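Survey of secondary and tertiary structure
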Amino acid sequence: MKICLAWLALMLFVAIFADWLAPFGYTEQSLLTRLKPPAFLGGPAEHILGTDGLGRDVLSRLFFAVRTSILIAFLGTAIGAVTGTVLGIVAAHFRGWVDDIVMVLVDFQASVPFLIVALAILAFFGNSFVLFVCIVGLFGWETYARLVRGLVLSVSGEGYAFAIRTLGVHPARIYLRHVLPNIAGVLAVQLTLNFPEIILLETSLSFLGLGVQPPGTSLGLALGEGRNYIATAWWIGLPAGAVIFLTTLSISLVGDWVRDALDPSLSRAE
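What comes next is a walk through the structure. (Residues numbered from 1 in each chain as written. Predicted model: local features only at pLDDT ≥ 70, side-chain atom pairs only at ≥ 80, totals over all residues. Heavy atoms only, no water.)

**Some remarks on the pattern of salt bridges**
If charged atoms from side chains of opposite charge come close, those side chains can pair. Applied cut-off: By definition here, a salt bridge exists when the distance from a side-chain nitrogen of Lys or Arg to a carboxyl oxygen of Asp or Glu is within 4 Å. Going along the chain from the N terminus, every DSSP run of H or I of four or more residues is numbered as a helix, and every run of E of two or more is numbered as a strand. Remark: exposure states derive from per-residue accessible area (1.4 Å probe, protein chains only) relative to the maximum for the residue type, with buried under 20%, exposed over 50%, and partly exposed in between.
Taken as a whole and judged by the stated rule, the model has six salt bridges. With its nearest N and O atoms 3.4 Å apart, the salt bridge here joins R61 to E225. Taken as a pair, R61 in helix α3 (residues 58-94) and E225 in helix α10 (residues 219-226) lie far apart in primary sequence, 164 residues in all. Of the two residues, R61 and E225, neither departs from the other in class, the shared state being buried. Among the salt bridges present, the one from R146 reaches D107, with a minimum N-O distance of 3.5 Å.

Structure representation (structure tokens):
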């Protein structure tokens with residue numbers, strides 16, 4: 001677990017300080033040094049992980065790719081969590097036809113292959129960073145909505161919630177000050193489960209050329225650029241693939257640890 005936390009802390013550090021850590025600009029090209037192997041394989045000493053087909057430093061582009069992918073994952077997770085949480089609370093509060101409409105939307109979202117829908121939207125409307133983040137953010141909101149709806153219905157039946165309502169406290173204050181703090185632990189676990197899925201979604205779309213566009217970079221785009229040189233210059237895509245694997249694995253393991261820590265019944269069962 002310490003290794004996972006250390007890796008995630010390293011990725012966050014790289015994302016924040018990429019401008020200072022990168023030895024070269026991520027768009028800086030030098031055709032005279034294109035496709036040079038990493039320094040430890042006999043390549044130029046200044047290019048630790050080698051260069052790509054345009055002579056760009058692989059390590060520098062990796063640093064900025066980590067920043068872009070983590071930023072998209074953070075924003076996407078936040079959008080999905082807020083959207084799902086709000087709709088879940090609305091459904092649980094109003095019940096009736098409002099609840100029915102929200103649940104129909106949830107079932108519709110869960111039944112549609114999201115990757116195909118995202119590809120269609122990006123292909124039809126064109127690509128922009130804001131649109132891409134919004135599409136990624138809509139992934140998984142139905143999980144939050146269904147989860148929050150059930151939790152709010154359960155918590156609302158508790159004695160303290162009934163007592164607060166009888167005092168005439170505004171519903172918004174009840175949910176913000178009393179209900180949400182009681183379900184925050186479960187939401188935190190869901191966030192850790194959804195975050196790596198967002199990273200993989202961004203990676204898939206960028207790999208297919210419909211995510212982050214050149215001259216920008218992301219882990220998915222770096223992996224996609226490396227596929228054309230997999231037999232001759234494997235060092236272009238392999239670092240990005242390794243970072244994707246280690247980051248998603250670390251987040252998943254940390255999520256399992258957080259779930260066990262926040263659910264005492266699991267510890268007693270073990």
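This is not the end of the story, as more comes after the structure.
**Points about α3**
Here is the rule: The span expected for a helix works out to 1.5 Å for each residue beyond the first.
Taking 1.5 Å per residue, 37 residues should reach 54 Å; α3 reaches 53 Å between its end C-alpha atoms and fits that length. One or two steps after α3, the chain reaches R95, where phi turns positive at roughly 55°.

**Focus: a nonpolar patch on the surface**
To be explicit about the condition: Like charges are joined within 9 Å and nonpolar side chains (Val, Leu, Ile, Met, Phe, Trp, Tyr) within 5 Å, but only among residues with over 30% relative accessible area and no salt bridge; these make up the patches. The protein chains shown are the only cover counted for residues, whose accessible areas, like all others here, come from Shrake-Rupley with a 1.4 Å probe.
On the surface, a nonpolar cluster with roughly 800 Å² of combined accessible area is contributed by L10, L12, F13, I16, F17, W20, L21 and F74. For the nonpolar patch, the secondary structure elements donating two or more residues are α1 (2-16) and α2 (18-21). Looking at which element gives the most residues to the nonpolar patch, the answer is α1, with four residues.

**Quick word on the environment of H47**
Following the sequence through the fold, H47 ends up in the loop between α2 and α3. The class for H47 is buried, based on a relative accessible area of 6%. Distance in space between the C-alpha atoms of H47 and A15 is 20 Å, their sequence separation being 32 residues.

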